[in-house]
Amino acid sequence: MMKGSLLIPQMLERAEQFFPKKEVVSRTGGGVQRITYKEIGARTRQLADMLTKAGVQEGDKVGTLAWNHHRHLELYFGVPGIGAVVHTINIRLSAEHIIFIINHAEDKLLFVDDDVFPLVEQVFDQLTTVEKVIVMTDEQALPETKIENVFSYEDWIAEGDASTSFRKDLDETAPAGMCFTSATTGNPKGVEYTHRSTVLHSMSLALADSAAVSESDSIMPVVPMFHVNAWGIPYAAVWMGAEQVMPGPRFTPELLAGMIASEKVTVAAGVPTIWLALLKELEQNKQDVSSLRAVLCGGSAAPAGMIRTFEETYGVPFLHAYGMTETSPLATVSRLKSYQQDLSTEEKLDIRARQGILVPGLEMRVVGEHGEAAWNDEEMGELQLRGPWIADQYYKDERSEEAFSDGWLHTGDVCTVDEEGVIKIVDRTKDLIKSGGEWISSVDLENALMAHPAVFEASVVAVPDPEWQERPVACVVLHDGAEADKEAVLDHLRPDFAKWWLPDDVLFFEEIPKTSVGKFLKRALRDQVEAIYNR
Ligand code: AMP
C-alpha cells in the first residue's frame, strides 16, 4: 500500500473539490454571513500566503483569541497549511494565565476578535514573543490602539494570493494545533495535536457508531473553538462537507434556539450547562428544534433527566460522549447496542447516561487500588487510555511524567465498567468523597438531584468531617419559581442510595460557580460552602 501522509490541509482541499457550494453560516459581531467552502478555501489560501510573507515558519505558533466563526475556521486550516501550529487560547481565562500560555507557547502572531482586543491591549506589554496582532473585525477600521503592528484581518488577507498551495511535504507527526487545559493547581498545561492525530480523530467523529458526522448534516459547534478545537468538529465537518453553523460571540440560549430552527441544524454540540439553558429557553419560548438528529453532549456528565426531557418532550435524540483536552477529545460514546433496544425505557436511559464505550482505534484499562478493575459495574479505578489521538506529554511541562507514565494517559477520572464494556465516570480522582474509608461518587448524587423536578442544577462537594473524614453536602439551584426544602430533596434521593451516601446537608444557591468552559467549579464551590459553615 502507499504510505500517504495524513495532513490537515487535505481535508479542506476535499471540501473545495467536492463541496464548493456548501456553506458555513457564520455569526460575527456584525451579523450573520453565509460563506461557501469555495470561498473559505480561497480565503484560507490567501491567509496561508500572508502568514508565510509575515515570516511564520514551520513549527511556529500562531495564537487565536476568538469565538466560533468562519475566520477562526480559516485559521484552523491556513496555519497548519504552511506547517505552523494553530494555538487556540481560551478567552475566558484570567489575564495572568493568558499571559503565561502565550509566552510559554511562544506565539508569534495573535489573531483576535474585536471584542477580545481590549484584553490583549491590557496585557500586551507582558507578551514576550508576539510580533503582530491581527484583529478579526467586520469593519475595515481598526480599533484605536497604542500597540504597533496591528492589522485588520480582511485588509490583511486581501493582499494574499488565493492560488497559494498548501504544503504537501509536511511530516504527518509534526504539531499542527495546540490547546491548554486548566490544572487544579498551577499554570494551565499545553497539549499539541499533530496532523495525523487530527485527521484520525476527525475520521472517528464520522463513524456511524460515533457522532456520524456526514455531508447531510448541518452542524452547530456551540462548544468554543478554543475548547479542544470545538471537540474537533470543525475539522470533521469540513472534511465530510457538512454545513456548519457557527454561533459567534456572546450568544444566548434564545439565539441558539433561533439558529437551530432557522438553519435546520441536525447536530449541535456543547456541555450540559448549555443544554440546560436551552431547555429553559424552550420552556419559555417555543422554537422548532425538530431538525436535530443529535444533541452531542460531553465535558461533564449529562444528567439522565436532561436526556429524558430532550427525547420525550422535544423528540430530540441525545448523544452522550466523553473525552478531554489530552484525548483530542473523543474517547467514548454512549449508544445502545443492537441487542439492548428491547430493554425498558429506564434501563436504556441508565445506559445512555453513562459515558459509553471506547471508540474504535483507542485502548483503555481501568486501574484500581488492587490492579485492573473487573468489568462488573462495581470495582472502581482510574481510566487510562492510549491511541493515535491521545497525547503522550504536556508541552514543555514537568507534570508530564505523572500523567503519562508507562505509555498510558492517566486521565484522573475514576470509573466503573459494566459487563458490556460501558464506562461510568464516577468522579474526578480529586472530587470523590471518602466517607469512613468508603468512596461516594459526587456525580451519582448530582445526577439524581438534577432529576428532581424542582432542581435546575446541583453539585455535591466534600466537607471535612471529624468522624468520617469527609461527608457530602449538596448545593442546589432551584428552577425559577420552584420550591423544595432540604427534606424534600433528601426524600427524593432516599430510594436510590444507601443511607451513608445521603448528603449531610442541602444548601440552596442562586448559581453554581462554573469554569471558563461551563463546568462546575468545585474548588470555588467548596470555598463557598466552607465560608457558609464558618460564618
Ligand atoms: P477538558 O479537558 O476541559 O475537556 O476536561 C476533561 C474532563 O471533563 C474529563 O477528564 C472529565 O473529568 C470531564 N468529562 C468530560 N466529558 C465527560 C462526561 N461525558 N461525563 C463526565 N465527565 C466528563
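### Observations concerning the overall build of the chain
Moving on, step 1. Summing up its helical and strand segments, the chain has 17 helices and 26 strands in all.
Moving on, step 2. In terms of C-alpha radius of gyration, the chain reaches 23 Å, essentially the compact-globule figure of 24 Å for 535 residues.
Moving on, step 3. Seen through its C-alpha atoms, the chain measures out along the principal axes to roughly 70 × 50 × 50 Å.
Moving on, step 4. Within the chain, the proportion of its 535 residues that are buried is 59%.
Moving on, step 5. If you take every contact in the chain between residues at least 6 apart in sequence, the share linking residues at least 24 apart comes to 67%.
Moving on, step 6. Accessible surface computed for the chain: about 22500 Å², of which carbon and sulfur atoms make up 49%.

### Overview of the packing of aromatic side chains
Moving on, step 1. Taken as a whole, this structure holds 9 aromatic pairs when the rule is applied.
Moving on, step 2. Considering the side-chain rings of Phe77 and Tyr235, the 5.2 Å spacing of their centres and the 70° angle between planes classify their relative orientation as edge-to-face. Here Phe77 is found in helix 3 (residues 70–81), whereas its partner Tyr235 is found in helix 9 (residues 233–240), with 158 residues between them in sequence. Here the two residues Phe77 and Tyr235 agree in accessibility, since each one is buried.
Moving on, step 3. Taken together, a centroid distance of 6.0 Å and an interplanar angle of 70° make the contact between Trp500 and Trp501 edge-to-face.
Moving on, step 4. Three or more aromatic residues joined by ring pairs make a cluster, and in this case those are Tyr76, Phe77 and Tyr235.

### Focus: the sheet that holds strand 9 (residues 189–194)
Moving on, step 1. Judged by pairing direction, the sheet is mixed, and its 7 strands sit side by side in the order 7-6-5-3-4-8-9 without closing on themselves. The sheet is open, and its two edges are formed by strand 7 (150–152) and strand 9, each paired on a single side. The sheet shows a mean angle of 25° between the axes of neighbouring strands, direction not considered.
Moving on, step 2. Here strand 5 (residues 107–113) runs beside strand 6 (residues 132–136); their pairing, made up of 5 bridges, is parallel.

### Description of the site of the ligand
Moving on, step 1. In the vicinity of the ligand lie 15 residues, with Ala321, Thr325, Gln355, Asp413 and Lys519 positioned nearest.
Moving on, step 2. Contact distances for the ligand include 2.8 Å between a nitrogen atom and a backbone N or O atom of Ala321.
Moving on, step 3. Here Arg428 contributes a side-chain N or O atom positioned 3.0 Å from an oxygen atom of the ligand.
Moving on, step 4. Compared with its free state, where it exposes 500 Å², the ligand has 88% of that area covered by protein.

### Some thoughts on the sheet that holds strand 2 (residues 31–36)
Moving on, step 1. Strand order in the open sheet formed by 9 strands is 2-1-11-10-12-13-14-15-16, with mixed pairing between adjacent strands. Because the sheet does not close on itself, it has two edges, and the strands there are strand 2 and strand 16 (357–358).
Moving on, step 2. In the sheet, strand 12 (residues 267–270) pairs with strand 13 (residues 294–297) via 4 bridges, with the strands oriented parallel. By the bridge assignment, Ala268 is partnered in strand 13 with Val295.

### A word on helix 13 (residues 345–352)
Moving on, step 1. Within the sequence span of helix 13, burial applies to Leu349, Ile351 and Arg352. Within helix 13, the buried residues cover an arc of 160° as seen down the axis, which keeps them to one side.
Moving on, step 2. Taken together, the buried residues of helix 13 touch helix 12 (304–314), strand 14 (318–323) and strand 15 (330–334).

### A look at the packing of helix 1 (residues 8–18) against helix 7 (residues 195–206)
Moving on, step 1. Following both chains from N to C, one finds helix 1 and helix 7 inclined at 45°, their axes separated by 8 Å at the closest point. Judged by the angle between their axes, helix 1 and helix 7 are oblique. Facing Ile8, Pro9 and Met11 of helix 1, the residues of helix 7 in contact are His195, Thr198, Val199 and Ser202.
Moving on, step 2. For the contact of helix 1 with helix 7, the class distribution of residues is 4 nonpolar, 3 polar and no charged.

### With respect to the pattern of salt bridges
Where charged atoms from two side chains of opposite charge come close, those side chains can pair.
Moving on, step 1. One pass over the full model with this rule turns up 37 salt bridges.
Moving on, step 2. Arg308 is the salt-bridge partner of Glu346, the closest N and O atoms lying 2.9 Å from each other. Of the two residues, Glu346 sits in helix 13 while Arg308 sits in helix 12, which places them 38 residues apart along the sequence.
Moving on, step 3. Notably, a salt bridge pairs Arg494 with Asp491, separated by 3.0 Å at the nearest N-O pair.
Moving on, step 4. With relative accessibility at 38%, the residue Arg494 sits in the partly exposed group.
Moving on, step 5. Look at Asp491 and you get partly exposed, because its relative accessible area is 43%.
Moving on, step 6. Counted as one network, the salt bridges with shared partners bring together Arg43, Arg71, Glu74, Asp138 and Glu154.

### Some details on the pairing of strand 13
Moving on, step 1. Side chains Ala294 and Leu296 of strand 13 all project onto a buried face; the interleaved residues Val295 and Cys297 project onto the opposite face, where all are buried too.
Moving on, step 2. Crossover handedness for the path strand 12 to helix 11 (residues 272–284) to strand 13: right-handed.
Moving on, step 3. Bridge analysis of strand 13 against strand 14 gives 3 bridges, and the strand direction is parallel. Bridging across to strand 14, Val295 finds its partner in Phe318.
Moving on, step 4. Note that the unit made of strand 13, helix 12 and strand 14 has a crossover that is right-handed.

### A closer look at the environment of Ala105
Moving on, step 1. For Ala105, the location among the structural elements is in helix 4 (residues 95–105).
Moving on, step 2. Between the C-alpha atom of Ala105 and that of Asp60, which follows or precedes it by 45 residues, the distance is 9.1 Å.
Moving on, step 3. Beyond its immediate chain neighbours, meaning those up to four positions away, Ala105 contacts Lys61, His87, Met178, Phe180 and Tyr395.

Analysis parameters
Each chain has its residues counted from 1, following the order in which its sequence is written. Selection of residues for local features in this predicted model requires a pLDDT of at least 70, selection of side-chain atom pairs for listing and counting requires 80 or more, and totals for whole chains, interfaces and linings are taken over all residues. To obtain the side-chain values, all non-hydrogen atoms of the structure were used and water was disregarded. Segments assigned H or I by DSSP are reported as helices when at least four residues long, segments assigned E as strands when at least two residues long, and all are numbered from the N terminus. In this setup the radius of gyration rests on C-alpha atoms only. A globule is expected at 2.2 Å times the number of residues raised to 0.38. The cut-offs for exposure are 20% and 50% of the maximum accessible area for each residue type, with area from a 1.4 Å probe on protein chains only; residues under the lower value are buried, those over the upper are exposed, and the others partly exposed. Contact definition: two residues touch when any of their heavy atoms are within 4.5 Å. We get accessible surface area from the Shrake-Rupley algorithm with a probe of 1.4 Å; when it comes to residues, only the shown protein chains can shield them. Aromatic pairing here means that ring centres of Phe, Tyr or Trp (its six-membered ring) are within 6.5 Å. Orientation follows from the plane angle: under 30 degrees is stacked, over 60 is edge-to-face, and everything else is tilted. A pair of strands is labelled paired if DSSP reports no fewer than 2 bridges between them. Here an axis means a line fitted to C-alpha atoms, over the contact stretch when the element is a helix, while the angle between two N-to-C directions is reported on a 0 to 180 degree scale. Any residue with a non-hydrogen atom lying within 4 Å of a molecule or strand is treated as near it. Polar contacts here mean pairs of N or O atoms no more than 3.5 Å apart (in protein, one a potential hydrogen donor and the other a potential acceptor; neighbouring residues in sequence count only if both atoms are side-chain atoms). Summarising the geometry, the arc corresponds to the directions from the helix axis toward the C-beta atoms. For classification, angles of less than 35 degrees are called roughly parallel, those exceeding 145 degrees roughly antiparallel, those between 65 and 115 degrees roughly perpendicular, and all remaining angles oblique. As a working rule, the residues Ala, Val, Leu, Ile, Met, Phe, Trp, Tyr, Cys and Pro are called nonpolar, Asp, Glu, Lys and Arg charged, and the rest polar, with Gly in that last group. Any Lys or Arg side-chain nitrogen found within 4 Å of a carboxyl oxygen on Asp or Glu counts as a salt bridge. We call a crossover right-handed when, viewed with both strands directed away from the observer, the connection leading from the first strand over the helix to the second proceeds clockwise.

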